[in-house]
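Close look at the chain arrangement
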Amino acid sequence: MAFTLPPLPYAYDALEPHYDAQTVEIHHSKHHQTYTTKLNEAVAAAGVEGKDVEDLLANLDSIPEAKRGPVRNHGGGYWNHQFFWESMAPNAGGSPSGALADAINQKFGSLDQFKEAFSAKAAAHFGSGWAWLVVNEKNELEITDTHDQVCPLSLGHKPLLTIDVWEHAYYLKFKNVRPDWIKSWWNVVNWSEVEKRYAAAS
Ligand code: MN3
């Protein structure tokens, strides 16, 4: 079955004023849609239709090298954006609780220290890509970044949280000032979803 654009889990303007409606609409209905369309083309070209996108991304080596790049790029674009939309929610932000809060405090010292380190990684990422909080191969929390549409699932990591730092994710409102986008984004982080992901990953 062909991949279809997953509906946005909230209205275009639901993350205002922290993430503006115009950017969310274009980002979802144009950018995410394009990755969806091109993923279908890529899996057809590679002869790997009908597989879960997670399965494709976790096993890129099984795809012939000549056909692998488009599956990585558009499969990553498809999956990363869905994960990104679900990493945010209206009336969110604040702090994590429970086991995730304990793990963040243990690994990074405090939530504020974690946010500072994550923000620095996202701000310093050169060019297009993503910053992530993942559970790494040693089963520890780690802040990482990936280039273009590389997905942590392809690196053996279990992603918990992400921010899109491609210019299309923020340029209309925040212009060239990526740190302002990152600062604003913390106000819509869906910690309850991140807690569920952490529980599933650990
Ligand atoms: Mn994007």
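Quick caveat, the model's predicted, so the values are computed rather than measured.

1. Let's talk about the environment of Gly 50
Relative to the assigned elements, Gly 50 resides in the loop between helix 1 (21–46) and helix 2 (53–58). On the basis of relative accessibility, which here comes to 61%, the residue Gly 50 falls in the exposed class. It is 8.9 Å that separates the C-alpha atoms of Gly 50 and Phe 3, two residues lying 47 residues apart in sequence.

2. A closer look at the coordination of the manganese ion
The protein atoms that coordinate the manganese ion are His 27 (NE2), His 81 (NE2), Asp 164 (OD) and His 168 (NE2), at distances of 2.0 to 2.2 Å. Spacing between the donor residues of the manganese ion along their common chain follows H-x53-H-x82-D-x3-H. Residue His 27 is located in helix 1, and its partner Asp 164 is located in strand 3 (residues 158–164); the two are separated by 137 residues in the primary sequence. Accessibility expressed as a relative area gives 0% for Asp 164, which makes it buried.

3. Details of the domain arrangement of the protein chain
Along its sequence, the protein chain is carved into domain 1 (21–86) and domain 2 (98–201). Inter-centroid distance (C-alpha atoms) of domain 1 to domain 2 is 20 Å. Roughly 1700 Å² of surface becomes buried between domain 1 and domain 2 when both sides are summed, with 64% attributable to carbon and sulfur atoms. Contact with domain 2 buries area across many residues of domain 1, yet Asn 80, Phe 83 and Phe 84 alone supply 36% of it, more than any other trio. The interface formed by domain 1 and domain 2 holds zero salt bridges in total. Linking domain 1 to domain 2 there are nine residue pairs in polar contact (both at pLDDT 80 or more). Sorting the residues of the side of domain 1 that touches domain 2 by element identifies helix 1, helix 2 and helix 3 (65–86) as the ones contributing at least two each. In terms of residue count, the dominant contributor to the side of domain 1 that touches domain 2 is helix 3 (ten residues). Residue composition of the side of domain 1 that touches domain 2, by class: eight nonpolar, nine polar and three charged.

Parameters and conventions
- Residues numbered from 1 in each chain as written.
- Predicted model: local features only at pLDDT ≥ 70, side-chain atom pairs only at ≥ 80, totals over all residues.
- Heavy atoms only, no water.
- Helix = DSSP H or I, 4+ residues; strand = E, 2+ residues; numbered from the N terminus.
- Buried < 20%, exposed > 50% of the residue type's maximum accessible area, 1.4 Å probe, protein only.
- Donors = N, O, S within 2.8 Å, 3.2 Å for Na, K, Ca; no water.
- Domains from an automatic or database assignment.
- Buried area = accessible area lost by both parts, 1.4 Å probe.
- Salt bridge = Lys/Arg side-chain N within 4 Å of Asp/Glu carboxyl O.
- Polar contact = N/O pair within 3.5 Å; in protein donor to acceptor, adjacent residues only side chain to side chain.
- Nonpolar A, V, L, I, M, F, W, Y, C, P; charged D, E, K, R; others polar.

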